[in-house]
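Structural characterization, general
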Amino acid sequence: NAGVTQTPKFRVLKTGQSMTLLCAQDMNHEYMYWYRQDPGMGLRLIHYSVGEGTTAKGEVPDGYNVSRLKKQNFLLGLESAAPSQTSVYFCASSYSRAEKLFFGSGTQLSVL
Amino acid sequence: SQQGEEDPQALSIQEGENATMNCSYKTSINNLQWYRQNSGRGLVHLILIRSNEREKHSGRLRVTLDTSKKSSSLLITASRAADTASYFCATVETTSGTYKYIFGTGTRLKVLA
């Protein structure tokens, strides 16, 4: 099993550009999450999904959109990137609510 | 938003010594989890302790939970250089039927060989 796979691992964008981060899990997990990690801030939840076709806002959803068209995939989109979105993005999944999270290796995004 | 707070922020010890990290939180929880993050990598789950448990062990890890003080501690015994990493606590809180994971800012542990 690969677990949780994120692509790409690194990306540099110019302000105003758009991009999509892909998260794929092969553990048949219902729950998937997108977090961002900034120095001194811990992990903050952007959006999450409790099953195929569902999404919900987390703590810091502004400027991001998500889709969960297939159970194994959770996409995070930035429509118009801003320097404040420079961060490390992590995808995670869990079998059920409140259980342990499995994390991907992260995407380092720089917005210039 | 509310966050777990780890203490200390950074810890440097010699190989073979024990390392203790603490986590405090503010609300009622379903469970509390500890994760490790090596530099440049994703978080890896270490241990989960439920609100009705007081202590849990896993290999060289010992976690305690005191819900009256809203605090938890992670003890790593006989530390190794490979334990060098950041350690995060995450509280799982229930709000209106939904579950939220609240991560702290982490403790950076350095184990010197």
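What you see is a predicted model; the values in this text were computed from it and never measured. (Residues numbered from 1 in each chain as written. Chains lettered and ligands numbered in written order. Predicted model: local features only at pLDDT ≥ 70, side-chain atom pairs only at ≥ 80, totals over all residues. Heavy atoms only, no water.)

Structural notes on the interface of chain A and chain B
- Taken together, the 20 residues of chain A in the interface contact 23 residues of chain B.
- A combined buried area of about 1,500 Å² lies between chain A and chain B, and 54% of that area is made up of carbon and sulfur atoms.
- Of all residues in chain A, the largest losses of buried area upon contact with chain B belong to Leu43(A), Ala98(A) and Phe103(A), amounting jointly to 30% of the total for that side.
- Between chain A and chain B we count 1 salt bridge in total.
- Two residues, Arg50(B) and Glu99(A), come together in a salt bridge whose shortest N-O distance is 3.4 Å.
- At the junction of chain A with chain B, the criterion picks out 8 residue pairs in polar contact (both at pLDDT 80 or more).
- Sorting the residues of the side of chain A that touches chain B by element identifies strand E4 (31-38), strand E5 (42-49) and strand E9 (87-94) of chain A as the ones contributing at least two each.
- Partitioned by chemical class, the residues of the side of chain A that touches chain B number 9 nonpolar, 7 polar and 4 charged. (Contact = heavy atoms within 4.5 Å. Buried area = accessible area lost by both parts, 1.4 Å probe. Salt bridge = Lys/Arg side-chain N within 4 Å of Asp/Glu carboxyl O. Polar contact = N/O pair within 3.5 Å; in protein donor to acceptor, adjacent residues only side chain to side chain. Helix = DSSP H or I, 4+ residues; strand = E, 2+ residues; numbered from the N terminus. Nonpolar A, V, L, I, M, F, W, Y, C, P; charged D, E, K, R; others polar.)

Some remarks on the layout of surface pockets
- By volume, the largest pocket amounts to about 580 Å³.
- Lining the largest pocket are 26 residues, with Gln37(A), Gln37(B), Gly40(B), Ser86(B) and Phe88(B) positioned closest to its centre.
- Where the lining of the largest pocket is concerned, the elements lending two or more residues are E4, E9 and strand E11 (107-111) of chain A together with strand E9 (85-95) of chain B.
- In terms of residue count, the dominant contributor to the lining of the largest pocket is E9(B) (3 residues).
- Classifying every residue of the lining of the largest pocket by side-chain character gives 7 nonpolar, 15 polar and 4 charged.
- Here the second largest pocket is characterised by a volume of approximately 180 Å³.
- Residue lining of the second largest pocket: Lys100(A), Leu101(A), Phe102(A), Phe103(A), Gly104(A), Ser105(A), Arg41(B), Gly42(B), Leu43(B), Val44(B) and His45(B), and that is the complete set.
- Contributing elements (two or more residues each) for the lining of the second largest pocket: strand E10 (102-103) of chain A together with strand E5 (43-50) of chain B.
- Ranked by residue count, the leading element in the lining of the second largest pocket is E5(B), at 3 residues.
- Among the residues making up the lining of the second largest pocket, the classes are represented as 5 nonpolar, 4 polar and 2 charged. (1 Å grid on protein atoms, 1.4 Å probe; cavity = no way out; pocket = protein on both sides within 12 Å on 5 of 7 lines; lining within 4 Å. Points joined across faces, edges and corners; volume = space filled by probe spheres on them.)

Description of the state of the cysteines
All names here are of chain A.
- Per the stated rule, a full pass over the model turns up 2 disulfides over all chains.
- A disulfide bridge connects Cys23 with Cys91, and the sulfur atoms are separated by 1.9 Å. The sign of the -75° torsion about the S-S bond sets the Cys23-Cys91 disulfide as left-handed. Residue Cys23 is found in strand E3 (residues 19-25), and its partner Cys91 is found in strand E9; the two are separated by 68 residues along the sequence.
- Its relative accessible area of 0% is what places Cys23 among the buried residues.
- Overall, the relative accessible area of 0% leaves Cys91 in the buried class. (Disulfide = S-S within 2.5 Å. Buried < 20%, exposed > 50% of the residue type's maximum accessible area, 1.4 Å probe, protein only.)

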